[in-house]
Amino acid sequence: TPFDEVVPKFNTSFVPYTQKDPIKPAEFRYCGGRWLLTHDYIKMSMHEEDNLSDCGSWLLRSQPYSGFDLGGASGSWQIWEGEILPTDVTLTCNRCEDNADCNLNGVCNNNGECECKKEDGVSYFGERCEIKLKDECRNITAPAGLLGFKSIWSTESIEDSVVEEYSRPLYFYTYTEGEESWDDSMALVFSGSRYFVAYMHQGNIDGASAFWDWQIRNFHGFWAQAFRPPESFLLSEPTWSDTP
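Calculation criteria
Residues numbered from 1 in each chain as written. Predicted model: local features only at pLDDT ≥ 70, side-chain atom pairs only at ≥ 80, totals over all residues. Heavy atoms only, no water. Helix = DSSP H or I, 4+ residues; strand = E, 2+ residues; numbered from the N terminus. Buried < 20%, exposed > 50% of the residue type's maximum accessible area, 1.4 Å probe, protein only. Contact = heavy atoms within 4.5 Å. Areas by Shrake-Rupley, 256 points an atom, 1.4 Å probe, with all protein chains shown as cover. Pairing = 2+ DSSP bridges. Phe/Tyr/Trp six-rings, centres within 6.5 Å; stacked < 30°, edge-to-face > 60°. Lys NZ or Arg CZ within 6 Å of the ring centre and 35° of its normal. Axes fitted to C-alpha atoms, helices over the stretch in contact; angles between N-to-C directions. Disulfide = S-S within 2.5 Å. Polar contact = N/O pair within 3.5 Å; in protein donor to acceptor, adjacent residues only side chain to side chain. Core = buried A, V, L, I, M, F, W, Y, C linked by side-chain atoms within 4.5 Å.

## Here's the deal with the overall build of the protein
Link 1 in the chain: Within the protein, the secondary structure is distributed over two helices and 20 strands.
Link 2 in the chain: Considering the protein as a whole, with its 244 residues, one finds that 38% of them fall into the buried category.
Link 3 in the chain: When contacts within the protein are restricted to residue pairs at least 6 apart in sequence, long-range pairs at least 24 apart make up 43% of them.
Link 4 in the chain: When the accessible surface of the protein is summed, it comes to about 15,000 Å², and 50% of that surface belongs to carbon and sulfur atoms.

See below:
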């Protein structure tokens, strides 16, 4: 599914937030009798003329295949890593078949998608409803060692659905006791098997809300380059925990 193609702007001279382009996703496409995995940001060669074949640059390609179903092309493929190497690729349909595919924490609907439950003070997330959030974990307190002062972080909901990133709830900096309100904000985000604190410049003012809503909807753990200062700080150790 393509990401949004228009980036909202807001009035800021803070350089990291004036140069955000829409993120293009990778795509599978059929060309030259094979299925190819391509990405506009990754080329096989630094020389543009080398990337101008009928099918362009590719990262993965199947064996010659005449079928219309990408899933039928599983098996031996080729991968480009500076040279063409063999690799095995398994492609499966992401549809659920029954409620067991939703870990019994959701219902498999007629479209083959898991509709995750909210019951007994627990909400479930993820493509297979494998992530659990208890109501008492919607607010967390970080000790003074995290930011230099004791801080409160809370989840937010839109239309009764908790805002999430990579199937984990997104925690927003709420306040520190005795602190005056401020224009900037922060979020505790899961990505790349770690939690990290993302700095949201002017995140609490109305003029920037559309921009940050877009950032959350279109966040990509690699292409957003969110792990670099000043946009983020405080990385956790690798973890697959449901919450921080």
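There is more to say, and it comes next.
## What to know about the sheet that holds strand S8 (residues 118-119)
Link 1 in the chain: Read across the sheet, three strands follow the order S8-S9-S10 without closing on themselves; strand pairing throughout is antiparallel. Every interior strand has two partners, whereas the edge strands, S8 and strand S10 (131-134), have only one.
Link 2 in the chain: The pairing of strand S9 (residues 122-125) with S10 spans four bridges and is classified as antiparallel. Following the sheet pairing, Val-122 is matched in S10 by Lys-134.

## Remarks on the packing of aromatic side chains
The geometry of an aromatic ring pair is captured by two quantities: the separation of the ring centres and the angle between the planes.
Link 1 in the chain: The full count for this structure, using the stated rule, is seven aromatic pairs.
Link 2 in the chain: Note that Arg-168 overlies the ring of Phe-190, its terminal NZ or CZ placed 4.2 Å from the centroid.

## So, the environment of Trp-182
Link 1 in the chain: With respect to the helices and strands, Trp-182 occurs in the loop between strand S17 (171-175) and strand S18 (185-191).
Link 2 in the chain: Separated by 20 residues in sequence, Trp-182 and Gln-202 have C-alpha atoms that sit 8.4 Å apart.
Link 3 in the chain: What Trp-182 contacts, discounting residues up to four positions off in sequence, is Tyr-173 and Asn-204.

## Here we look at unusual backbone geometry
Link 1 in the chain: Although it is not a glycine, Leu-104 adopts a positive phi angle of roughly 60 degrees.
Link 2 in the chain: Position of Leu-104 relative to the elements: it lies in the loop between strand S5 (84-89) and strand S6 (106-108).
Link 3 in the chain: The phi dihedral of Asp-120 is positive, around 50 degrees, even though this residue is not glycine.
Link 4 in the chain: Structurally, the position occupied by Asp-120 is in the loop between S8 and S9.
Link 5 in the chain: Accessibility expressed as a relative area gives 76% for Asp-120, which makes it exposed.

## Observations concerning the sheet that holds strand S1 (residues 27-31)
The pairing of strands in a sheet happens through backbone hydrogen bonds and is either parallel or antiparallel.
Link 1 in the chain: One open sheet accounts for five strands, arranged S1-S2-S3-S4-S5; its pairing is antiparallel. Bordering the open sheet on either side are S1 and S5, each of which pairs with just one other strand. Sheet twist, expressed as the mean angle between neighbouring strand axes with direction ignored, is 30 degrees.

## Comments concerning the environment of Asn-111
Link 1 in the chain: Structurally, Asn-111 is set in the loop between S6 and strand S7 (114-116).
Link 2 in the chain: In the structure, Asn-111 is positioned 15 residues away from Cys-96 in sequence and 8.6 Å away in space, judged by C-alpha atoms.

## Some details on the state of the cysteines
Link 1 in the chain: Enumeration over the complete set of coordinates arrives at four disulfides.
Link 2 in the chain: Disulfide pairing is shown between Cys-96 and Cys-108; the S-S distance is 2.1 Å. Classification of the bridge connecting Cys-96 and Cys-108 rests on its S-S torsion, roughly 100 degrees, and on that basis the disulfide is right-handed. Pair noted here: Cys-96 is in the loop between S5 and S6 and Cys-108 is in strand S6, with a separation of twelve residues, a long-range link.
Link 3 in the chain: Accessibility expressed as a relative area gives 4% for Cys-96, which makes it buried.

## Considerations on the side chain of Arg-138
Link 1 in the chain: Take Arg-138: it is sitting in the loop between S10 and strand S11 (139-142).
Link 2 in the chain: Of the polar contacts made by the side chain of Arg-138, one reaches the side chain of Ser-123; its length is 3.0 Å.
Link 3 in the chain: Dropping the residues within four chain positions of it, Arg-138 is found in contact with Ser-123, Leu-133, Trp-153, Ser-154, Thr-155, Ser-157, Val-162 and Tyr-171.

## Focus: the nonpolar core
Link 1 in the chain: Leu-170, Phe-172, Val-189, Phe-196 and Phe-219 are the most contacted members of the largest nonpolar core, which totals 18 residues.
Link 2 in the chain: Those elements that provide at least two residues to this core are S18, strand S19 (194-200) and helix H2 (206-217).
Link 3 in the chain: Considering every element that reaches this core, the biggest residue donor is H2, with five residues.
Link 4 in the chain: The contacts of Val-189, once residues within four sequence positions are left out, are Glu-165, Leu-170, Arg-194, Tyr-195, Phe-196, Ala-198 and Phe-219.
Link 5 in the chain: If you look at the next biggest cluster of nonpolar residues, it comprises 14 residues, including Ala-142, Trp-153, Tyr-173 and Leu-188.

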